[in-house]
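# Breakdown of the fold
Below are the chains, spelled out letter by letter.
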Amino acid sequence: MSRTRHTENQFALDLGDDTPVNRAATESPEAVDNSQLLAHPDDTEALLGQWQQAGWIRPLDTGFARLIRELSEEQGEGPQPLVLLLAALTSHQVGRGHVCIDLATLLDDAGQTLALPPEEPANTGLSESEVANLQGRYPQELLSRVQLTDCLAALQGSLAVSDGSVPAPLVLNGTRLYLRRFWRYEQRIAEGIQQRLALPSPLADPQSAASQTLSTALSKLFQSTEPVDYQKLACALAARNRFAVITGGPGTGKTTTVVNLLAALQAVAGESPERAGRKYRIRLAAPTGKAAARLNESIGGAVSKLPLADLPGSVKLEDIPTKVTTLHRLLGSRPDTRQFRHHRDNPLLVDILVIDEASMVDVDLMASVFDALPASAQLILLGDKDQLASVDAGAVLGELCQRALDAHYTPDTARWLAAITGAQVPDSLVDNSGQPLDQAVAMLRKSYRFGQDSGIRQLAEAVNTSELTSQVLGQIRDAGFDDVIWLNGQTPKPDPDQTLELICYHAITGSPEAFRNAGQGRVVNGEALPTPVGYRHYLEVIHSCDLTADSPREAWDAHAAEVLEAFNDFQVLCALRKGPWGVEGLNQRIAQKLLAEKLIDKTDGWYAGRPVLVTGNDYNLGLMNGDIGLTFSVPWDKTETGEPKATLRVAFPSGDSTGGIRWISPSRLQQLETVYAMTVHKSQGSEFNHTCLVLPDRLSPVLTKELVYTGITRARNWFSLITGDAQVFKDSVSQQVVRASGLALRLGEQ
């Protein structure tokens, strides 16, 4: 690697008078000379400081650039201004969810790549005139004359950058620039997957005893008469590999599939002479407490339906785990450090690990999973590849499933699957050039929750394929579906105040009158559905309580469980956090409307009926990020004379399959927020009977088809849409989350 030092003026670029002008900003009163901004590190640092003050980048980003400068100077190297700029921008991109920054993409369209300046600057410390003076100093203008060769030369000539073979804060891999920590995460994940895919499988020979046991078990577990049962195919494929991914949309049966898979694997273990009857040690985990609780609720029922007596290997009920924990708890989270108790030197005692809702797992956490797994342990990821990626950096599941739609199974894999399952893989899913990873990824292709005529299903598919046809739009506007309504779809640009009022009204009532047949007469799976409701429903259940201080705690638990279930019947989801269209603004508005309707008695502080969302893990209380609780007034305190006295307690579901309730004093809850409205990101891993998605009146980078799809698929039976601008809905579907990363490329190189 070259260590040639460059002169400070190498990147003193003359941008000239034809530099494109950003018309979104107020014009600067005098021309800005960009030629010095990349000529001296002092000027570059000053510019980064201005961007930070304007709320465009974080203090962390400017601090990282400053660190690079200090390290360079300590080693007697003159810090290159372009290296400082790229260091800050790489840090900025990690904050936006990218694992790295692709320099070629950056230089092709810096404004789009960086989303700078942002739509909503955070805590700007500059006046309007000072922000206006930044015109001509935008990243896209600053980089408009920089060539890729300039970037590579500057980075390769800096001691702060390496190819990963020696320690350095930045790693350059091809045209991808990483913070070293994230380069290591990506490397560890790729190594963990490749190592497992390379391990020999006792099931590789379809005629082996183990394969015959697997085939027998699958034939008992799956009784489908369809030509191809994709759940059965997924089980077979996942059983053969030490690493596997099972992806599918809502209602495709991911939980059923994995329960059957675990039963089949235990049957193979039970018949294995090498294991002498010892069953596999299996653990189930999910990224958040809410996701873990949902899997807990569903997996117990699925396990109880297993035909264990018909399986080979003497599989017993206790061989199939039903307890789901969060990944942080499984790995052994420790306060004040990102290091877990379990790692390579202290691995988990597990043979098989199943992670549900894997789309929510970022590269940091996934790398920690691979670190903590024994080398021979099997890892199975479940999730919907089309959902939003993790809040933090990376889109691991999405990258692993990039080729899942067309499968790309090799002819050898197709023949093996036919021998084990008795079904022929469709020719469209067979590829002579299939990669090793393709042979470990299975996609579930049939929805058992939504019928072909379901509006939720058709709208989700239209969004997912970016094909919002006029027919689909017309149907959701005009109540053409039984289960979907676009409440203000008839008005392209509705009045903002009226729309916000509509959101509040809808949040209280659920607007059943807006749905086809006023929401009446729907039958799903042979059961009549109640009409859609809003928040009035759960508050009326609270107010109908006739329990007293003499009522047993079990009665209060049952009441709380009933109210929590009623609250789960409706949820407002937002794309944004701040502003009138975001969580903060709508939570306040909805609370005020509920107060006006006398459904709650105050809107600030703690009050009976307040729903809260836990925003950070609290292991002392057993609460996880994403848990939802409701506040109750209970007569459990005593006055000085011994009379019952009302006090507030927050009820949370126990988080396991027992249906129990945990009562916690509000004073013990630290990280939480009111949750009449929640972001789509926070809703991942959750499901609601009726979901209302609110989209703002302006397009922003966070409005993507993945966000809209995730919002729609949180709905179990009813979905409503309210938009600040109809065009924003249509344009959102054309925007896609593309996170810079090299994981798929690394795995394709094997």
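Scoring rules and cut-offs
Residues numbered from 1 in each chain as written. Predicted model: local features only at pLDDT ≥ 70, side-chain atom pairs only at ≥ 80, totals over all residues. Heavy atoms only, no water. Domains from an automatic or database assignment. Contact = heavy atoms within 4.5 Å. Buried area = accessible area lost by both parts, 1.4 Å probe. Salt bridge = Lys/Arg side-chain N within 4 Å of Asp/Glu carboxyl O. Polar contact = N/O pair within 3.5 Å; in protein donor to acceptor, adjacent residues only side chain to side chain. pLDDT = per-residue confidence, 0-100. Pairing = 2+ DSSP bridges. Helix = DSSP H or I, 4+ residues; strand = E, 2+ residues; numbered from the N terminus. Axes fitted to C-alpha atoms, helices over the stretch in contact; angles between N-to-C directions. Parallel < 35°, antiparallel > 145°, perpendicular 65-115°, else oblique. Left-handed = near helix turned anticlockwise from the far one by under 90°. Nonpolar A, V, L, I, M, F, W, Y, C, P; charged D, E, K, R; others polar. Buried < 20%, exposed > 50% of the residue type's maximum accessible area, 1.4 Å probe, protein only. Expected span 1.5 Å × (residues − 1). Core = buried A, V, L, I, M, F, W, Y, C linked by side-chain atoms within 4.5 Å. Phe/Tyr/Trp six-rings, centres within 6.5 Å; stacked < 30°, edge-to-face > 60°. Lys NZ or Arg CZ within 6 Å of the ring centre and 35° of its normal.

### Looking at the domain arrangement of the chain
For the chain, the assigned domains are domain 1 (41-119 + 128-179), domain 2 (205-447) and domain 3 (455-547 + 567-606 + 676-734). Taken together, the contacts link 15 residues of domain 2 with 16 residues of domain 3. Counting the surface lost from both domain 2 and domain 3, the interface buries some 1300 Å², and carbon and sulfur atoms represent 50% of this. When the area that domain 2 buries against domain 3 is broken down by residue, the three leading residues are Arg294, Asp386 and Leu388, summing to 46%. Linking domain 2 to domain 3 there are zero salt bridges. Taken together, the links from domain 2 to domain 3 amount to three residue pairs in polar contact (both at pLDDT 80 or more).

### Considerations on the confidence of the model for the chain
Of all residues in the chain, 93% have pLDDT values of 70 or greater, and the mean over the chain is 87. Counted against residues more than four places away or in other chains, residues 1-32, with its pLDDT under 50, gives 69 contacts.

### Details of the sheet that holds strand S20 (residues 677-679)
Reading across the sheet, the five strands line up as S11-S22-S21-S14-S20 and stay open at both edges, with parallel pairing between neighbours. Because the sheet does not close on itself, it has two edges, and the strands there are strand S11 (484-486) and S20. This sheet shows a mean twist of 25° between the axes of neighbouring strands, independent of strand direction. Where strand S14 (residues 570-574) meets strand S21 (residues 688-695), five bridges bridge the pair, whose relative direction is parallel. When the bridges of S21 are listed, Cys574 appears paired with Val694. Where helix H26 (residues 726-734) meets the sheet, it contacts S11, S21 and strand S22 (715-723), and its direction lies at approximately 120° from that of S22.

### Considerations on the packing of helix H10 (residues 209-221) against helix H11 (residues 230-240)
Two elements in contact, H10 and H11, have axes separated by 11 Å at closest approach and are oriented at 155°. Put simply, H10 runs roughly antiparallel to H11. Pair H10 / H11 crosses with right-handed handedness. Along the contact surface, H10 presents Leu214, Leu218 and Ser219, while H11 presents Lys232, Cys235, Ala236 and Ala239. For the contact of H10 with H11, a count of residues per class yields five nonpolar, one polar and one charged.

### Digging into the sheet that holds strand S18 (residues 661-664)
Consider a sheet: its strands pair through backbone hydrogen bonds, and that pairing is either parallel or antiparallel. Strand order in the open sheet made by the five strands is S18-S17-S16-S15-S19, with antiparallel pairing throughout. Of all the strands in the sheet, the pair left with one neighbour each is S18 and strand S19 (672-674). Ignoring which end each strand starts from, the neighbouring axes of this sheet average 45° apart. Contacting strand S15 (611-614), strand S16 (628-638), strand S17 (644-653) and S18, helix H22 (residues 553-567) crosses the sheet at an angle of about 155° to S16.

### Observations concerning unusual backbone geometry
Most peptide bonds adopt trans geometry, and most residues besides glycine take a negative phi value. In this structure, Ser314 takes a positive phi of about 50° despite not being glycine. For Ser314, the location among the structural elements is in the loop between helix H13 (289-304) and strand S7 (324-326). In this structure Ser314 comes out as exposed when scored by relative accessible area, which is 52%. A positive phi angle is found at Ser511, which is not glycine, with a value near 50°. Structurally, Ser511 is set in the loop between helix H20 (496-509) and strand S12 (523-524). By relative accessible area, which is 2% here, Ser511 ends up buried.

### Looking at the pairing of S17
Judged from the seven bridges that link them, S16 and S17 form a sheet pairing that is antiparallel. Bridge pairing in S17 links Val634 to Thr647. Counting the residues that bridge the hairpin from S16 to S17 gives five residues, and of these Gly642 lies at a positive phi of roughly 90°. Where S17 and S18 come together, four bridges link them in antiparallel fashion. When the sheet's bridge partners are listed, Pro653 is paired in S18 with Ile661.

### A closer look at the environment of Asp351
The residue Asp351 is located in the loop between helix H14 (327-331) and strand S8 (352-355) in this model. Once the C-alpha coordinates of Asp351 and Tyr538 are considered, the two residues, 187 residues apart in sequence, prove to be 43 Å apart. In this view, Asp351 contacts Arg275, Lys279, Tyr280, Arg281, Ala377 and Gln378; residues no more than four positions away in its chain are not counted. Only 2.8 Å separates the side chain of Asp351 from the backbone nitrogen of Arg281, close enough to count as a polar contact.

### What about H20?
Here H20 is 14 residues long and its end C-alpha atoms lie 20 Å apart, about the 20 Å a rise of 1.5 Å per residue gives. Taken together, the buried positions of H20 are Thr499, Leu500, Ile503, Cys504, His506, Ala507 and Ile508. Contacts from the buried residues of H20 go to helix H21 (535-543), S14, helix H23 (583-596), S21 and S22. Structurally, the start of H20 carries an N-cap: the backbone nitrogen of Asp497 is 3.2 Å from a side-chain oxygen of Asp495. Just beyond H20, the residue with positive phi is Gly510, at close to 80°.

### Quick look at the nonpolar core
Counting residues in each nonpolar core, the largest one holds 89 residues, and the members touching the most others are Trp51, Leu103, Phe243 and Leu400. For this core, the element with the highest residue contribution is helix H3 (residues 81-95), accounting for nine residues. Per-domain counts for this core show at least three residues from each of domain 1 (41-119 + 128-179) and domain 2 (205-447). Filtering out sequence-adjacent residues up to four positions away, Leu400 remains in contact with Ile193, Phe243, Val245, Leu381, Leu437, Val441, Leu743 and Leu747. If you look at the next biggest cluster of nonpolar residues, it comprises 76 residues, including Leu459, Ala460, Tyr535 and Ile628.

### Section: the packing of aromatic side chains
Inspection of the entire model under this criterion finds 14 aromatic pairs. Taking 6.3 Å as the distance between ring centres and 40° as the angle between the ring planes, the aromatic pair formed by Phe243 and Phe370 counts as tilted. A residue pair is termed long-range when its members are at least 10 positions apart, and Phe243 in strand S5 (residues 243-248) and Phe370 in helix H15 (residues 363-372) qualify at 127 residues. For Phe243, a relative accessible area of 0% gives the class buried. Judged by its relative accessible area of 7%, Phe370 is buried. Members of the aromatic cluster, each reached through a chain of ring pairs, are Tyr535, Tyr538, Phe567, Phe570 and Tyr676. Positioned above the aromatic ring of Trp636 is the side chain of Arg553, whose terminal nitrogen or guanidinium carbon lies 3.7 Å from the ring centre. Looking at Arg610, its charged tip hangs above the ring of Trp606, at a distance of 4.5 Å from the centre.

### Details of the side chain of Thr704
Examined against the element boundaries, Thr704 turns out to sit in the loop between S21 and helix H25 (705-712). Not counting residues within four places of it along the chain, the set of residues in contact with Thr704 comprises Leu388, Ser732, Gln735, Gln736 and Val737.

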